[in-house]
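Letter by letter, the chains look like this.
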Number of protein chains: 2
Amino acid sequence: MNLKELATKLGLSPTTVSRALNGYPEVNETTRERVVAAARRHNYHPNTRAIRLATGRAMAVGHVIPIATRHEIVNPVFADFIAGAGETYSRNDYDMLLSVVPDEVEDATYRGLKSKGNVDGVIVHAPRMNDPRIPLLREIGMPFVVHGRATGTLDPYCWLDVNNRRAFQRATEFLLDLGHTRIGLVNGLEFMDFAIRRRTGYEDALTARSLAPDPALMASHEMTEIAGFRAASAMLALPQPPTAILASSMISGMGVRRAAEGAGLVLGRDISIIIHDDDLSYMKNGEDVPIFTATRSSVREAGRLAAEMLLDVIAHPDAGPQQRLLEAELIIGQSTGPVSRT
Amino acid sequence: MNLKELATKLGLSPTTVSRALNGYPEVNETTRERVVAAARRHNYHPNTRAIRLATGRAMAVGHVIPIATRHEIVNPVFADFIAGAGETYSRNDYDMLLSVVPDEVEDATYRGLKSKGNVDGVIVHAPRMNDPRIPLLREIGMPFVVHGRATGTLDPYCWLDVNNRRAFQRATEFLLDLGHTRIGLVNGLEFMDFAIRRRTGYEDALTARSLAPDPALMASHEMTEIAGFRAASAMLALPQPPTAILASSMISGMGVRRAAEGAGLVLGRDISIIIHDDDLSYMKNGEDVPIFTATRSSVREAGRLAAEMLLDVIAHPDAGPQQRLLEAELIIGQSTGPVSRT
DNA sequence: GAATCGCTTCAAACCGCTTTGGATGCAGCA
DNA sequence: TGCTGCATCCAAAGCGGTTTGAAGCGATTC
């Protein structure tokens, strides 16, 4: 059932039917009702391919997931972020196009999306320092929103980010207030923007209390359980081990916990741990009471909001770049406590 | 730059240019080279929207991810599966369309995809027992491949699955051979097809050795760290605790390990653990040597293969349904050992 | 020399929708 | 009565490709 058939069935022209269904004013209300009823009755759905060609809009947005050859292979937060973004898209009748590409052809992928006209805009994931994608997208005139920020990029652009610096600053201050002075940082890879900012927040909090950051207490690895375990184990084996550790994710935090428990330490009594909790739906920090004290920020919500921002940018391309900074909550769980005086 | 412009620039008709670029035989080879060169020089890429309308093919496949209101919110294996599938798609110039929808509108989503013509086929994720999606897709005539199988569905359909039954059967046999007789099963939710099959494999191995499965040693929950921890803790607190435990995923296995270590047991000596390892890129079972003994099967590879199967089904709709069963490897790690005689 | 054939090429229709630029009819108004 | 204006509706021209049917043309065949 297509528009023409429906039109002849109604004894109307395709023009009128199209206008009736799309809410244009130049059509009699009774006619419109007749058309709408018939469309429903015959289960008419306009062909998306035709709409796209006729309007020149793709009604789709792209998410290009780079597959790094070495690091951060498939980031586990993508799933939740995309779930959030997907909610926004389906509410607005947009499609979500996912491209999973090796990062050496990322450039070509964006250009292809533009010149072939598959999408109206893209979300940029996992920005790095001086991320080359930002100038590229600006150059080819593709609307975009960055999830995160790119340190070093000066021209304004659209982004939505969590205040990672402030989150880790507050977490560190919280530990300092509990009397901890030797605080370890088990960070993600520090070419990722968020990891840089977290470290800055951590260092800022320390220096504000006249404590010099100790390189032996700062690790930077992939955010896996085993990397967290190893980094924490190394720190705990130091002559002056930390009494508290900040971990950059739930998963690495689980490694840190295993290292601590393996060393015979009890969480919240002998050692304090704070994690950053992306609030992933398959990786809950406890069900009712949080297990870990955590800086929490929902990746899913970020996905929803970033997608809304992108649709807005697509609709109003000439409005200036939008920016939004989300604050993380500090959730008090059972993994922190005052420093033990032994 | 579109086809018509390119054609006039070359002094040819759009017909010839189109044919030259699409490899049709009825065009002079020298002409073709001229066209291809010009296309490259002017950076011509045919407009996807136009191709889609003209050919009637969407050149896209859909992945509909149901957001269950209660359980298994965003399955962590999706990310890797989709990464694998994405590789296949980009190799074949197909787009991947992702719909994340509440499961009560899943039905409408599939119908919409069909009638609006956005995709040429779909991958069905996480099949349940008697999954209603299979008859639905058959009814509306949408090509599909199921990742997994749906127990209870009798008519043949396309699927690609891991031999979950056999994997857990072998794992159980492996433990039996080591002398274990009290073996716990920390399973996923048993309305999911794979969980049913794993349990069957486990029970089959036991009964083949004349051991009756003990309900107290069989748990079925979401596959989270904490659920694994709780289930294992409960088992270990039994008067006759298990000496070995099978866990349905890496994540729940980590919970099992925590419970075991919390009870003062050493892995591989006091207790044996075998997990099922989906070989997720962000959740490696060790880097060089595997930590856990595991039944391993790459979800990513499954994604690649399922996508290939789907593209094949789309290309040859009348060939009979394809089916493919992948075997899991049994990887020997450090978490298993002979039963300790104490 | 005319008919035939294969190789190339082209004009035009088509995919299914949107949108422009009229038409048509009728009421209001001078 | 004639003209204007408004409310409706329609024919036709896109959108940018693919594909059908036919034509041009030199070589071959009879």
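In short, a report on the structure.

About the cut-offs
- Residues numbered from 1 in each chain as written.
- Chains lettered and ligands numbered in written order.
- Predicted model: local features only at pLDDT ≥ 70, side-chain atom pairs only at ≥ 80, totals over all residues.
- Pairing = 2+ DSSP bridges.
- Helix = DSSP H or I, 4+ residues; strand = E, 2+ residues; numbered from the N terminus.
- Axes fitted to C-alpha atoms, helices over the stretch in contact; angles between N-to-C directions.
- Near = placed C-beta within 6 Å.
- Nonpolar A, V, L, I, M, F, W, Y, C, P; charged D, E, K, R; others polar.
- Expected span 1.5 Å × (residues − 1).
- Buried ≥ 20, exposed ≤ 12 C-beta atoms within 10 Å, placed from the backbone.
- Contact = placed C-beta atoms within 7 Å.

## Structural notes on the sheet that holds strand E7 (residues 218–220) of chain B
Residues and elements named next belong to chain B.
Okay, step 1: Taken together, the six strands give an open sheet; going across it, the order is E7-E6-E8-E9-E10-E12, and neighbouring strands pair in mixed fashion. Strands with a single pairing partner mark the edges of an open sheet, and in this sheet they are E7 and strand E12 (329–331). Neighbour to neighbour, the strand axes of the sheet diverge by 15 degrees on average, direction disregarded.
Okay, step 2: Strand direction decides the pairing type here: strand E6 (residues 183–187) and E7, joined by three bridges, are parallel. Of the residues in E7, the one forming a bridge with Leu185 is Met218.

## Notes on the protein's contact with DNA strand C
Okay, step 1: Within the structure, DNA strand C sits among 26 residues, and Asn2(A), Leu3(A), Ser18(A), Ala50(A) and Ala54(A) are positioned closest to it.
Okay, step 2: Of the residues in the surface near DNA strand C, the class split is 12 nonpolar, 11 polar and three charged.

## Topic: helix H12 (residues 299–315) of chain A
Three- or four-residue spacings in an α-helix give side chains the same orientation, since the helix completes a turn every 3.6 residues.
Okay, step 1: In this model, H12(A) (17 residues) spans 24 Å end to end at C-alpha, consistent with the 24 Å of a helix rising 1.5 Å per residue.
Okay, step 2: All of the buried residues along H12(A) are Val299(A), Arg300(A), Ala302(A), Gly303(A), Arg304(A), Ala306(A), Ala307(A), Glu308(A), Met309(A), Leu310(A) and Leu311(A).

## Describing the environment of Ser220(B)
All names here are of chain B.
Okay, step 1: Along the chain, the position of Ser220 falls in strand E7.
Okay, step 2: The exposure class assigned to Ser220 is partly exposed, which follows from the 18 C-beta atoms found within 10 Å.
Okay, step 3: Remark: the alpha-carbon pair of Ser220 and Met309, spanning 89 residues in sequence, is separated by 32 Å.
Okay, step 4: Each residue touching Ser220, except ones within four places of it in the same chain, is listed here: Asn187, Gly188, Leu189, Glu190 and Ala195.

## With respect to the interface of chain B and chain A
Okay, step 1: Contacts between the two partners involve 45 residues from chain B and, on the opposite side, 44 residues from chain A.
Okay, step 2: Secondary-structure elements contributing two or more residues to the side of chain B that touches chain A are helix H4 (48–55), helix H5 (77–91), strand E2 (95–102), helix H6 (106–116), helix H10 (225–236) and helix H11 (250–262) of chain B.
Okay, step 3: For the side of chain B that touches chain A, the element with the highest residue contribution is H5(B), accounting for eight residues.
Okay, step 4: In terms of residue class, the side of chain B that touches chain A is made up of 19 nonpolar, 15 polar and 11 charged.

## Focus: the protein's contact with DNA strand D
Okay, step 1: Taken together, 26 residues sit near DNA strand D, with Asn28(A), Leu3(B), Ser18(B), Ala50(B) and Ala54(B) positioned nearest.
Okay, step 2: Looking at the surface near DNA strand D, the elements that each hand over two or more residues are helix H2 (14–21) and helix H4 (48–55) of chain A together with helix H1 (3–10), helix H2 (14–21) and H4 of chain B.
Okay, step 3: Top contributing element to the surface near DNA strand D by residue count: H4(B), with five residues.
Okay, step 4: Along the lines of polarity and charge, the residues of the surface near DNA strand D split into 12 nonpolar, 11 polar and three charged.

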